[in-house]
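# A closer look at the structure
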Amino acid sequence: MDILEKLENDFAKSLQTEDIDGSELVGIKPLPWYPENLAWHSNYSRKQIRKNQTLERFHEFLKLENEVGNITRQEAVSMVPPLFLDVHPDHFVLDMCAAPGSKTFQLLEMIHHRSGAETLPDGMVVANDVDIQRCNLLIHQTKRMCTANLVVTTNEAQQFPGCQLRRGHVHSSKTGNFKEPDMKQLLFDRVLCDVPCSGDGTLRKAPDIWRKWNPGLGNGLHGLQVQIAMRGLSLLKVGGRMVYSTCSMNPVEDEAVVAEVLRRCGGSVELVDVSAELPELVRRPGLKKWRVQDKGMWLTSYRDVTKLRRGGVVPGMFPSGKSYEDTMKQDSSITNGIQMTDDTVSTISDLEEISELPLERCMRIVPHDQNTGAFFIAVLQKLSPLPAIQEKPAKKSNKNSHSEILANDLKEDLEETAIAPSGDVEVEADAAAENGRVVDTDITDAADDKSNEIALDSKPPEMPQEIEAEESQPSVNNGGAGPEMVTGKRKLPVQGRWTGIDPVLFYKAEDVIARIKEFYGIKESFPFDGHLVTRNSDTGSVKRIYYVSKSVKDVLELNLSAGQPLKIASVGIKMFERQSSKEGALASCAFRISSEGLPLLLPHMTKQILHASIVDFKHLLQYKSIKFCDFVEAEFGKKSSELLLGCCVVMLNKAGTTLPDSEAIAVGCWRGKNSVSVMMTALDCQELLERLEKYLASEEVPNLEENKSSEVEKVENETGKEADAIMPESLG
Ligand SMILES: C[S@@+](CC[C@H](N)C(=O)[O-])C[C@H]1O[C@@H](n2cnc3c(N)ncnc32)[C@H](O)[C@@H]1O
């Protein structure tokens, strides 16, 4: 909320009064259709930023808040689909094609809406994407959300597992950590189906598409899009809502897909009229008639398709969805018996097809209506179970031979962007990766083969730099992961039936858990049992322990029982990390609290907590490490020295600030032999300091400059690293 206030009260006002070279600047504005003013629009060129100081300050603010994850920058319309999902905090949500994760982030915000840091919502999000590299991007982005209610999977969406258990059939688990699951099938209250598409709606930002686009792209994707949407509907609970969206304006990828799934679902699914929702959002109705282009020909109906082209162009691409025979039957009754041969079409009929389905309920958002990219959105509701045949996942596609993942090099224009501030943590969404596209030339001929699975596993991705390889998430193995070697070859980790990705295991080392609970004084009311997870089958050398919500725990148990069909790349929130430094080994608890897990754990902790005055708190953030005797308040120094050696938490004492009561400000620290050190990156310290400035009473803060030890200087030199690697006392 600090950020929102800054935008509203500072930048929105100050930028309004500015001008450059005599002409007024257009201010920043909230997007009128986004709830609670949580999304803003700005439009400045680099040249303007260079010429104006307020603009430069605004730009710096955006950069910093973006880097620490408090602001997401993304194309405005790309934020629309989740808004039509009507997500509640207790919903199970599936994001079928989720990477790079800008919409996943919104879904998580909705799940966490109004739940305090210490309570977890009942709902959860499963974010899935077949492309593992893009999944890693998603994991990196959503990390800033600090959520225990997220599972990231990397399955093919059209085959996404329902994990349905047959009665009495439960897979045994090698781990011995097995129990009968509470859930018997994985079904969702909400499904977001933001499918791969040809991306022509992003033309303004990605001029490259002018060169690359051709009608074959959309035609090639239609089959996959239908399969993904059908799978989404079969995983949707009766009464649940699914949003289908693309950033393409091609009806073959849009209305034709919606029409085809409606036909296949035969009345069990309804296209919802959402004209009363988000009234400020300017949108146009979906098309009821269109033509299909193939090899330079405009085709009005499937009867126009030559036999040779019937592999690439299918009846479902046309408004009626009618097969060749059906259109011919219809034609003969209309045209009084004019015959066409099976092999060639002598004349292209101009009998126009018009869909009988209420496709006008779909939404088309076009650039010239409100200065955005283009988007297509359809909202579907499941009224009853699908016809039995449609419940099944699509056959495994022979994807490697037919598909080509196009690297998307769309570049986010830094200056024309929507800003979405909210709460404490947000993320920069990489608009460059907004539209991963898969071109599948013949998806309908999908063959059942295993080549795709093997290829995915054997082509390990590159991890984001700051993610340590071994046993950290994302767990999909790369060159650095799983250092176990067998006769010179790296032994790949195994997660159930998936080779090359770390296993997901419930952490049950009772002695370690008891030690953690005792050291931090964790209240019994905080559920630990079954909520701790690791990615290392060697429990003795576990480095990281993740915490999962009850909802995620249930899904993991179901997945285990069903034989692990979910290919899990990341799960839950990193809660504890093993201390690896020399001094860490001396601590009576081997695990420190990670900064992501702290907000969740803190309200349940009774030990290892210090309360610092503003002055000492600020000094800690500035100098990173302070000796007990150097704290301004001697009492604070004394209390620090009385703590057990190891991880501790320093909370800001609010007296003397104007901080709202609800806002606990705390940082993870290390109580060393003689000092306390902050365990936060330099950037996060800077951001917190800047945020605090606003609340600090006009108190004279004494300068520690003279007392600053050489050790402290060393710490300051270390930028961008977690302080556990730079604990001053273990450096010396
Ligand atoms: C339009 S992008 C998704 C953008 C994302 N929803 C967001 O808001 O950040 C489409 C995604 O679909 C993924 N994809 C392509 N084929 C897929 C498949 N068969 N199953 C799952 N994901 C797929 C691509 O890797 C790409 O990340």
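Residues numbered from 1 in each chain as written. Predicted model: local features only at pLDDT ≥ 70, side-chain atom pairs only at ≥ 80, totals over all residues.

When helices and strands are counted, the chain shows 22 helices and 34 strands. Looking at the chain as a whole, 47% of its 732 residues qualify as buried. Long-range contacts, defined here as pairs at least 24 residues apart, represent 77% of the contacts in the chain between residues at least 6 apart. (Helix = DSSP H or I, 4+ residues; strand = E, 2+ residues; numbered from the N terminus. Buried ≥ 20, exposed ≤ 12 C-beta atoms within 10 Å, placed from the backbone. Contact = placed C-beta atoms within 7 Å.)

The sites that carry the UniProt feature "binding site: S-adenosyl-L-methionine" (unreviewed entry) are, in the present numbering, Cys 97, Ala 98, Ala 99, Pro 100, Gly 101, Ser 102, Lys 103, Asp 129 and Asp 194. Separation in sequence by 98 residues is not matched in space for these annotated residues, since their most distant C-alpha atoms are only 12.8 Å apart. Relative to the elements of secondary structure, Ala 99 occurs in the loop between strand 6 (92-95) and helix 5 (102-112). As for its placement among the helices and strands, Ser 102 is situated in helix 5. Residue Ser 102 is classed as buried on the basis of its C-beta count, with 27 C-beta atoms lying within 10 Å. (UniProt positions renumbered as here; feature names shortened; annotations may be inferred.)

Here the focus is the environment of Ile 377. Turning to its location among the elements, Ile 377 is positioned in strand 16 (residues 375-382). For Ile 377, a count of 23 C-beta atoms within 10 Å translates into the label buried. Spatially, the C-alpha atom of Ile 377 lies 40 Å from that of Pro 493, the residues being 116 residues apart in sequence. Those residues in contact with Ile 377, other than ones at most four positions away along the chain, are Val 80, Pro 81, Phe 84, Val 243, Ser 245 and Met 363.

Now for the sheet that holds strand 34 (residues 675-678). The strand order across the open sheet built from 5 strands is 30-32-33-34-31, with neighbouring strands paired in mixed fashion. The open sheet has two free edges, formed respectively by strand 30 (609-612) and strand 31 (625-627), since each of these has just one partner strand. Pairwise comparison of adjacent strand axes, ignoring direction, gives a mean angle of 30° for this sheet. In this sheet, strand 32 (residues 646-652) lies alongside strand 30 in parallel orientation, the contact comprising 4 bridges. Looking at strand 32, one finds that Leu 610 is bridged to Val 650. Contacting strand 30, strand 33 (666-671) and strand 34, helix 19 (residues 634-642) crosses the sheet at an angle of about 170° to strand 30. (Pairing = 2+ DSSP bridges. Axes fitted to C-alpha atoms, helices over the stretch in contact; angles between N-to-C directions.)

The next subject is the nonpolar core. Counting residues in hydrophobic clusters, the biggest one holds 167 residues, and the most contacted among them are Cys 193, Leu 233, Val 258, Val 261 and Val 650. The element that contributes the greatest number of residues to this core is helix 8 (residues 215-234), accounting for 8 residues. (Core = buried A, V, L, I, M, F, W, Y, C linked by C-beta atoms within 7 Å.)

With 5 of 6 residues buried, strand 28 (residues 573-578) lies mostly within the body of the structure. Examined bridge by bridge, strand 26 (residues 544-547) and strand 28 share 4 bridges and lie antiparallel to one another. Residue Ile 545 lies in a different strand from strand 28, and its bridge partner there is Phe 576. Looking at chain direction, strand 28 and strand 29 (residues 591-593) are connected through 3 bridges and run antiparallel. Looking at strand 29, one finds that Arg 578 is bridged to Phe 591.

Once that is clear, we can look at the sheet that holds strand 24 (residues 505-506). Across the sheet, 5 strands lie side by side as 24-25-26-28-29; this open sheet has antiparallel pairing. Each edge of the sheet is formed by a strand with only one pairing partner; in this case those strands are strand 24 and strand 29. As judged from the 2 bridges shared by strand 25 (residues 532-534) and strand 26, these two strands associate in the antiparallel manner. Among the inter-strand pairings, Leu 532 is bridged to a residue of strand 26, identified as Tyr 547.

Across the interface, helix 8 lies against helix 9 (residues 255-265) with an axial gap of 9 Å and an inter-helix angle of 50°. By the criterion of interaxial angle, the relationship of helix 8 to helix 9 is oblique. Seen along the crossing, helix 8 lies across helix 9 with a hand that is right-handed. Contact with helix 8, carried on its side by His 222, Gln 225, Val 226, Ala 229, Met 230 and Leu 233, involves Ala 256, Val 257, Glu 260, Val 261, Arg 264 and Cys 265 of helix 9 and no other residues of that element. In the contact of helix 8 with helix 9, the residues fall into 8 nonpolar, 2 polar and 2 charged. (Parallel < 35°, antiparallel > 145°, perpendicular 65-115°, else oblique. Left-handed = near helix turned anticlockwise from the far one by under 90°. Nonpolar A, V, L, I, M, F, W, Y, C, P; charged D, E, K, R; others polar.)

Our focus in this paragraph is the packing of helix 5 against helix 6 (residues 132-142). Two numbers describe how helix 5 lies on helix 6: the axes approach to 9 Å, and their chain directions differ by 40°. Note that helix 5 runs across helix 6; the crossing there is right-handed. Contact residues: Thr 104, Phe 105 and Leu 108 in helix 5; Leu 138, Gln 141 and Thr 142 in helix 6. The class makeup of the residues in the contact of helix 5 with helix 6 is 3 nonpolar, 3 polar and no charged.

At the junction of Ala 99 and Pro 100, the peptide bond is cis and its omega measures out at 10° in the coordinates. The topology assignment puts Pro 100 in the loop between strand 6 and helix 5. Although it is not a glycine, Glu 36 sits at a positive phi angle of roughly 55°. Along the chain, Glu 36 falls in the loop between strand 3 (29-30) and strand 4 (40-43).

Here Met 651 lies in strand 32. For Met 651 and Gly 637, which are 14 residues apart along the polypeptide, the C-alpha to C-alpha distance reads 14 Å. When residues no more than four places from it in sequence are discounted, the contact partners of Met 651 are Ile 609, Leu 610, His 611, Ala 612, Ala 664, Ile 665 and Ala 666.

Turning next to helix 14 (residues 510-520). Along helix 14, the residues that are buried comprise Val 512, Ile 516, Phe 519 and Tyr 520. One side of helix 14 holds all its buried residues, which, seen down the axis, span an arc of 80°. Of the exposed residues in helix 14, the ones pointing more than 90 degrees away from its buried face are Glu 510, Asp 511, Ala 514 and Glu 518. Packing partners of the buried residues in helix 14 comprise strand 28, strand 29 and strand 32. Positive backbone phi, at 60°, marks Gly 521, one or two positions downstream of helix 14. (Arc of directions from axis to C-beta.)

We now examine the confidence of the model for the chain. When pLDDT is averaged across the chain, the result is 79; 74% of the residues are at 70 or more. The low-confidence segment residues 477-487, where pLDDT is below 50, has 26 contacts with residues more than four positions distant or belonging to other chains. Below a pLDDT of 50 lies the segment residues 706-732, which in the model reaches 58 contacts outside its immediate sequence neighbourhood of four places, other chains included. Note on the complex model: pTM 0.82, ipTM 1.00. (pLDDT = per-residue confidence, 0-100.)

Below, the discussion takes up the environment of Pro 527. Structurally, Pro 527 is set in the loop between helix 14 and strand 25. Residues Pro 527 and Met 680 lie 153 residues apart in sequence; the distance between their C-alpha atoms is 26 Å.

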